[in-house]
Protein chains: 2
Amino acid sequence: MSRKLVPVVMCGGAGTRLWPVSRDTMPKQFIPLLGEVSTFQRIMRLLSDGAVFGRPIVVTNAEYRFTVLDQLQAIGVSAQIVLEPTRRDSAAAVATATQLALAADDHAVVGVFAADHVVQDGALFVETCRRASEVAAEGRIVTIGIPPTHPATGYGYIQPGEAIGEAARAVAAFVEKPDAPTAAQYLLDGYFWNSGNFIFDAATMKAELEAFEPDVVGPVVEAVTQARNDLDFLVLDAAAFGRAKNISIDYAVMERTKKAAVLPGHFGWSDVGGWSAVWDLAEKDGEGNAIEGRGYVLDGANNLIRSEDALVAVIGLDDIAVISTRDAVLVTPKSRADKVKDMVALITARGESEAGAHREVQRPWGRYLSIDLGVRHQVKRITVKPGGILSLQKHFHRAEHWVVVRGTAEVTRNHETIVIHENESIYLPIGCVHRMANPGKIPLELIEVQVGSYLGEDDIVRIEDIYRRS
Amino acid sequence: MSRKLVPVVMCGGAGTRLWPVSRDTMPKQFIPLLGEVSTFQRIMRLLSDGAVFGRPIVVTNAEYRFTVLDQLQAIGVSAQIVLEPTRRDSAAAVATATQLALAADDHAVVGVFAADHVVQDGALFVETCRRASEVAAEGRIVTIGIPPTHPATGYGYIQPGEAIGEAARAVAAFVEKPDAPTAAQYLLDGYFWNSGNFIFDAATMKAELEAFEPDVVGPVVEAVTQARNDLDFLVLDAAAFGRAKNISIDYAVMERTKKAAVLPGHFGWSDVGGWSAVWDLAEKDGEGNAIEGRGYVLDGANNLIRSEDALVAVIGLDDIAVISTRDAVLVTPKSRADKVKDMVALITARGESEAGAHREVQRPWGRYLSIDLGVRHQVKRITVKPGGILSLQKHFHRAEHWVVVRGTAEVTRNHETIVIHENESIYLPIGCVHRMANPGKIPLELIEVQVGSYLGEDDIVRIEDIYRRS
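These figures come from a predicted structure and were not determined experimentally.

We now examine helix H2 (residues 65-75) of chain A. All names here are of chain A. In terms of burial, H2 is largely enclosed, as eight of its 11 residues are buried. Buried within H2 are the following residues: Arg65, Phe66, Thr67, Val68, Leu69, Gln71, Leu72 and Ile75. Lining the buried residues of H2 we find helix H1 (39-46), strand E2 (57-61), strand E3 (80-84), strand E11 (233-235) and strand E20 (360-363).

Structure, rendered in structure tokens:
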């Protein structure tokens, strides 16, 4: 087969099951949960195998666009980044990818992959995708079925039907998450877990969408046709996309089509669906404790400890997760970690900002971390990427002192431009129009001391912004 | 009785059982474990009852001298602060207090109290002390025995003998910490817990010390005679005190004297000997969860949560303690909290600074907190008390930028004196001789940004210091 599979990675979701590490402002798929890179970067690396895959399409939303760009640049992978103007369930994203692939090739074969799943055997995963795309090219929608390792109640299952070629089977039925006895029966009957990753002939998918859900595909085709390029992103037309029906691809197509097939994936798969799954995948010591960061266990086994900063000490407990970030600590038995989303709902209701926002804030020019907050002052550590430029701005209620501790800053202050180096500082009085840029080749780090009567992030008037933020 | 009881509070200890809140640099007795004030401040307030007590004597060591002074000033209590030049077990401290009391009054009655115990009924405690001092005045050494509420194995017990007057009994025997069956028998036999607090006729105590342990009392008398006043402190003579035998008052006198009596203390007592005891004493919600700081519990009961800063979320666990400080988190079942000292030993062996040092550092002029540490920079928030003056100093490896965020600083920089106000800054280049003072009436707060190749606290040359630190 010379035709390349067009991989589509969907990474617009914001789950809370891995709180406090995963939050709205930096969700699970962008976090290095296992090793040095994020699950998004892991899957993107696998999908860069040019022997099998074409240029990937990443579907995300505006909030994560610079994170996607940064993470792709960090691993040296190029992709088309498509921004959904409003959040829609998966059918609209699949329709978008289908339409983009068809625009380039009438016979395109597309694979849709989650950004937050992990596979153990990358080579076998790629080979499985290649074989699935051969089946798909015959006009099939091929889901990758995972041979179950235990009677899980957290996944949907796939009942396989008659054989198609060597390894694939037709899908007899997709079934919902079962109770435990049903799950046990499914294992006996040879069902697969539904991994939610699937590979299809684009023309077939479009025809099925047109047949089953014209209210998805019609608006999406219009949104793609009228899409515009903005910086490094393809932005779908908001008015058209907003009219697309909000439905999952499972309900829209998979559970209705007669063209579904299933190909077993033996590559070792996890959806990293909670802290228990993270422990399953993590390296452990002789007592089964998986420790990331500074963690110590006395008289305890099979614990998961993750710490960003603080020293974590656990005494006399087994099978628990202790997740310590700069501003929040979670303690729970791993077996109860499915309740994390309820805890997030509880603290959201109490107005705790840690429910959804990280203390470290990502920006297209870099990032900042609030390191001290008083009644009339705040201190931030700001990091600006080489070439990064903050917006031209002013504040009504605060003055700022900047001390450069690494690199070089080019500061605009009213009508002056001043270059300041490591161990130099500058003062920005209330009301002055200012901008900072990193003209250098290494990251710029500075300490910002804000002094004023109101220190909220909304005391900012953006006069000009190269990243086109409103 | 017109003669006042001379209260002596010993607060030189540094226990680890309440780590990570209690550490060497700021141990248990100085921490507000329950409510707004420390256990040291609580007992000092009780001992200020002028109807019963004379001016208190506080025995501590050099490391805690400014903390003692600060905490006494904060509650408006005056005391004589005596510094032990070297650490010695309790016999030397008791001998010191005895000698100081006798120097003022041949018939002095002295009470020795721990700085880290808590009583529930303050008025009854004071009344008990008054009655004990009446018994002591007859030439007795009166220990306050606590009627046991359960067969504890963590305390020594007192076997009472024949009656002395109305409520006191002679001591038949002091017995060591028992095993559980023995403890149960002790309860049936009417034994008391040994609280370690006792009240005695000073001349009697001195005579007993001379009889049993002349190697304690001889050197101590010399150390008191040759003591010198330094700032607000009485510093015992180091050479003489160093010769005093290192032994506890229990072994030295209590277990040998025929003059011991016991008076029951019904005022509700705890030695706050671990996190389980803190939970016992704390206010709890309807599920028995005691929460200090931002803590949330889902499906859990009878937990102790303390947090200095981070939000702590506990799911599906009962009877545990989660203690979260800025730089360390402890998670343990309350019933296993006696292992905390083993954990501290473990992390000490691994070289973790959090074992013994707090991130916030107390100084005689105020305090500082490291809020950010990089390879070539550190940021501190520094608070200087009104009237506080830092030492005149210089650094070889770092420059400093100071931004005042509250109050007014008087800065000496080489030969200049510069006053800087809120929202003003000053730069101190490497090698310059500098000093900061707070000439104002409110605390001075400033942000210090250090930049340099070496940022250790030992890069400081102190040229002059009003607090006479070496």
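After that view, the rundown keeps rolling.
Glancing now at the environment of Phe53 of chain B. Residue and element names in this part refer to chain B. Inspection of the secondary structure assignment puts Phe53 in the loop between helix H1 (39-46) and strand E2 (57-61). Residue Phe53 is classed as buried on the basis of its relative accessible area, which comes to 4%. Measuring from C-alpha to C-alpha, the distance between Phe53 and Cys129 comes to 9.1 Å, with 76 residues separating the pair along the chain.

UniProt annotation of "domain: Nucleotidyl transferase" (unreviewed entry) refers to residues 7-285 of chain A when read in the numbering used here. The span residues 7-285 of chain A carries 35% helix and 24% strand; its end-to-end C-alpha distance comes to 37 Å.

Vacant regions in the atomic arrangement are exposed by a probe of water-molecule size rolled over the atoms. Residues and elements named next belong to chain A. Taken as a whole, this structure holds one cavity of 30 Å³ or more when the rule is applied. Estimates place the volume of the largest cavity at around 50 Å³. Residue lining of the largest cavity: Ile43, Phe113, Ala114, His117, Val119, Phe125, Asn197, Phe267 and Trp269, and that is the complete set. Taken together, the residues of the lining of the largest cavity break down into seven nonpolar, two polar and no charged.

Relative to chain B, chain A is turned by 180 degrees and slid 0.0 Å along the rotation axis, the superposed coordinates differing by an RMSD of 0.0 Å. Expressed as an axis order, the relation between the two copies is that of a two-fold axis. Distance from the rotation axis, computed per C-alpha, reaches its smallest value in chain A at Ile371 of chain A: 3.0 Å. Both copies contact each other with a shared surface, as 100% of the interface residues of chain A are interface residues in chain B too.

Moving on: the pairing of strand E7 (residues 157-164) of chain B. Residue and element names in this part refer to chain B. Pairing of E7 with strand E8 (residues 168-175), which is carried by six bridges, proceeds in the antiparallel orientation. In the sheet register, Ile164 faces E8, and the bridge partner there is Ala168. With antiparallel pairing between neighbouring strands as the criterion, E7 and E8 make up a hairpin whose turn holds three residues, including Gly165 at a positive phi of roughly 65 degrees.

All names here are of chain A. Using the criterion set out here, one finds 24 aromatic pairs over all chains in the structure. Three or more aromatic residues link up through ring pairs in this structure, and these residues are Phe30, Phe40 and Tyr64. If you follow Lys284 out to its NZ or CZ, it ends over the ring of Trp279, 4.7 Å from the centre. Lys334 extends its terminal NZ or CZ atom over the ring of Trp279, reaching a point 3.2 Å from the ring centre.

All names here are of chain A. For chain A, the assigned domains read domain 1 (5-270), domain 2 (275-352) and domain 3 (360-464). Here the C-alpha centroids of domain 1 and domain 2 sit 30 Å apart. Contact with domain 1, which involves 12 residues of that partner, is made by 15 residues of domain 2. Across the contact surface, domain 1 and domain 2 share one salt bridge. The partner of Asp327 in a salt bridge is Arg23, with the nearest N and O atoms 2.8 Å apart. Counting the contacts that link domain 1 with domain 2 gives four residue pairs in polar contact (both at pLDDT 80 or more). In the side of domain 1 that touches domain 2, the residues fall into seven nonpolar, three polar and two charged.

What follows concerns the sheet that holds strand E18 (residues 320-324) of chain B. Read from one edge of the open sheet, six strands run E15(A)-E17(A)-E19(B)-E18(B)-E16(B)-E14(B), paired in mixed fashion. Looking along the sheet, the strands with just one partner apiece sit at the ends: strand E15 (295-298) of chain A together with strand E14 (290-292) of chain B. Neighbour-to-neighbour, the strand axes of the sheet open up by a mean angle of 5 degrees, direction not taken into account. With three bridges joining them, E14 of chain B and strand E16 (residues 304-307) of chain B adopt parallel strand pairing. Within E16 of chain B, the position partnered with Glu292 of chain B by the bridge is Arg306 of chain B. Here helix H11 (residues 340-349) of chain B sits on the sheet in contact with E15 and strand E17 (311-315) of chain A together with strand E19 (328-333) of chain B, set at roughly 135 degrees to E15 of chain A.

All names here are of chain A. Pairing within the open sheet is antiparallel, and its six strands lie in the order E20-E21-E22-E29-E24-E27. Every other strand in the sheet has two partners, leaving E20 and strand E27 (425-428) as the edge strands with one partner each. On average, each strand axis in the sheet is tilted by 20 degrees relative to the strand beside it, whichever way the strands run. The pairing of strand E21 (residues 366-373) with strand E22 (residues 377-384) spans seven bridges and is classified as antiparallel. Opposite Arg367, over in E22, you have Thr383 as the bridge partner.

Our focus in this paragraph is the UniProt feature "domain: Mannose-6-phosphate isomerase type II C-terminal" (unreviewed entry) in chain A. In the UniProt entry, the feature "domain: Mannose-6-phosphate isomerase type II C-terminal" (unreviewed entry) is given for residues 351-465 of chain A. The span residues 351-465 of chain A is 0% helical and 55% strand by assignment, and the distance between its end C-alpha atoms comes to 31 Å.

A separate point is the pattern of salt bridges. When their charged atoms lie close together, side chains carrying opposite charge are able to pair. Per the stated rule, a full pass over the model turns up 51 salt bridges over all chains. Across the pair Glu445 of chain A and Arg406 of chain A runs a salt bridge, and its minimum N-O distance is 3.8 Å. Of this pair, Glu445 of chain A sits in strand E29 (residues 444-452) while Arg406 of chain A sits in strand E24 (residues 398-406); the two residues are 39 residues apart in sequence, bridging distant segments of the chain. With relative accessibility at 17%, the residue Glu445 of chain A sits in the buried group. Note on Arg406 of chain A: relative accessible area 35%, which makes it partly exposed. Its salt-bridge partner being Lys245 of chain B, residue Glu213 of chain B comes within 3.0 Å of it at the nearest N-O pair. Linking Glu213 of chain B in the loop between helix H6 (202-212) and helix H7 (214-225) with Lys245 of chain B in the loop between helix H8 (238-242) and helix H9 (249-254), this pair joins segments that are 32 residues apart in sequence. Where salt bridges share partners, they join Glu127, Arg130 and Glu134 of chain A into one cluster.

All names here are of chain B. For the pair helix H3 (residues 90-104) and H6, the least separation of the axes is 9 Å and the interaxial angle reads 135 degrees. If you check the angle between H3 and H6, you find them oblique. Here H3 and H6 pass one another in a crossing that is left-handed. Residue-level contacts link Val94, Ala95, Thr98, Gln99 and Leu102 of H3 to Ala202, Ala203, Met205, Lys206 and Leu209 of H6. Partitioning the contact of H3 with H6 into residue classes produces seven nonpolar, two polar and one charged.

The subject of this paragraph is the interface of chain A and chain B. Residue-level contacts link 56 residues of chain A with 56 residues of chain B. Counting every contact that joins chain A to chain B gives 10 salt bridges. With its nearest N and O atoms 2.7 Å apart, the salt bridge here joins Asp372 of chain B to Arg381 of chain A. Summed over the shared surface of chain A and chain B, the result is 28 residue pairs in polar contact (both at pLDDT 80 or more). The leading source of residues in the side of chain A that touches chain B is strand E19 (residues 328-333) of chain A, at six residues. Tallied by class, the residues present in the side of chain A that touches chain B amount to 31 nonpolar, seven polar and 18 charged. Both E19 of chain A and strand E17 (residues 311-315) of chain B contribute to a ladder of four bridges, which runs parallel. From the neighbouring strand, Val329 of chain A faces E17 of chain B, where its bridge partner is Val312 of chain B.

Parameters and conventions
Residues numbered from 1 in each chain as written. Chains lettered and ligands numbered in written order. Predicted model: local features only at pLDDT ≥ 70, side-chain atom pairs only at ≥ 80, totals over all residues. Heavy atoms only, no water. Buried < 20%, exposed > 50% of the residue type's maximum accessible area, 1.4 Å probe, protein only. Helix = DSSP H or I, 4+ residues; strand = E, 2+ residues; numbered from the N terminus. Contact = heavy atoms within 4.5 Å. UniProt positions renumbered as here; feature names shortened; annotations may be inferred. 1 Å grid on protein atoms, 1.4 Å probe; cavity = no way out; pocket = protein on both sides within 12 Å on 5 of 7 lines; lining within 4 Å. Points joined across faces, edges and corners; volume = space filled by probe spheres on them. Nonpolar A, V, L, I, M, F, W, Y, C, P; charged D, E, K, R; others polar. Least-squares fit on C-alpha atoms with pLDDT ≥ 70 in both. Pairing = 2+ DSSP bridges. Phe/Tyr/Trp six-rings, centres within 6.5 Å; stacked < 30°, edge-to-face > 60°. Lys NZ or Arg CZ within 6 Å of the ring centre and 35° of its normal. Domains from an automatic or database assignment. Salt bridge = Lys/Arg side-chain N within 4 Å of Asp/Glu carboxyl O. Polar contact = N/O pair within 3.5 Å; in protein donor to acceptor, adjacent residues only side chain to side chain. Axes fitted to C-alpha atoms, helices over the stretch in contact; angles between N-to-C directions. Parallel < 35°, antiparallel > 145°, perpendicular 65-115°, else oblique. Left-handed = near helix turned anticlockwise from the far one by under 90°.

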